[in-house]
Amino acid sequence: TEPTMLAGFREDTVTVLDPEEIYRIYAANGKVFAVTGKAEYTLRMRLYEVEERFRRSSFVRISNSEIINLKTVRSFDLSLAGTIRVALKNGEAAYVSRRYVGKIKEALGM
């Protein structure tokens, strides 16, 4: 099943976010943010709720504070000891924490 849409908040506007357009979702300062090619939005959900909602999709948890969309990944750099650097198609980088390396490898069939 395709993941449902998300409501993204930005200033006084609510935008319906298409999961296909989301690069990463991360938690910082007690808030959860979704990054798309257009902007960054605040989500009124906890990270674990987002993870639950996208359980059967291309979204995968890579650390305690971040979920990425595998469809937006350019490459994985495995050269760093114990961690994986993820290059996203929007030029941003994310890091897979040690605890989640197995999840990523499983998601990629490695």
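Above: the structure in question.
First, a word on what this report is: a plain description of the structure on this page.

Cut-off values and rules
- Residues numbered from 1 in each chain as written.
- Predicted model: local features only at pLDDT ≥ 70, side-chain atom pairs only at ≥ 80, totals over all residues.
- Heavy atoms only, no water.
- Pairing = 2+ DSSP bridges.
- Helix = DSSP H or I, 4+ residues; strand = E, 2+ residues; numbered from the N terminus.
- Axes fitted to C-alpha atoms, helices over the stretch in contact; angles between N-to-C directions.
- Buried < 20%, exposed > 50% of the residue type's maximum accessible area, 1.4 Å probe, protein only.
- Contact = heavy atoms within 4.5 Å.
- Phe/Tyr/Trp six-rings, centres within 6.5 Å; stacked < 30°, edge-to-face > 60°.
- Lys NZ or Arg CZ within 6 Å of the ring centre and 35° of its normal.

So, about the sheet that holds strand S8 (residues 73–77). Strand order in the open sheet made by the 3 strands is S8-S9-S10, with antiparallel pairing throughout. A strand with exactly one partner marks an edge of an open sheet, and here the two such strands are S8 and strand S10 (93–96). Going across the sheet, the axis of each strand differs from the next one's by a mean of 25 degrees, ignoring polarity.

Another point: unusual backbone geometry. Negative phi is the rule for most residues except glycine; trans is the rule for most peptide bonds. Of note, glutamate 11 is a non-glycine position whose phi angle comes to about 55 degrees, a positive value. Considering the arrangement of structural elements, one finds glutamate 11 in the loop between strand S1 (6–10) and strand S2 (13–17). Looking at glutamate 11, the relative accessible area reads 75%, which means it is exposed. One non-glycine residue with positive phi stands out, namely asparagine 29, at about 50 degrees. Mapped onto the fold, asparagine 29 is located in the loop between strand S3 (22–28) and strand S4 (31–36).

Taking strand neighbours across the sheet as the criterion, the 7 strands line up as S2-S1-S5-S4-S3-S7-S6 in an open arrangement whose pairing is antiparallel. Edge positions in the sheet fall to S2 and strand S6 (59–63), since each of these pairs with one other strand and no more. Neighbour-to-neighbour, the strand axes of the sheet open up by a mean angle of 35 degrees, direction not taken into account. As defined by bridge partners, S4 adjoins strand S5 (residues 40–43) across 4 bridges and the pair is classed as antiparallel. Its bridge partner lying in S5, valine 32 is registered against leucine 43. Helix H2 (residues 101–108) contacts S6 and strand S7 (66–69) of the sheet and is inclined by roughly 155 degrees relative to S6.

Before going further, it helps to spend a moment on the pairing of S10. Burial along S10 is one-sided: the residues Ala94 and Val96 are buried and none of Ala93 and Tyr95 is. In this structure, strand S9 (residues 84–88) lies alongside S10, joined through 4 bridges in antiparallel fashion. Residue pairing in the sheet places isoleucine 84 in a bridge with valine 96 of S10.

Moving on, we get to the packing of aromatic side chains. Aromatic rings considered in pairs are described by the distance between their centres and by the relative angle of their planes. What the rule picks out here adds up to 2 aromatic pairs. Between phenylalanine 54 and phenylalanine 59, the aromatic rings sit 4.4 Å apart at their centres with planes inclined by 15 degrees, giving stacked as the arrangement. The ring of phenylalanine 9 is capped by arginine 44, whose NZ or CZ atom sits 3.8 Å from the centre of that ring.

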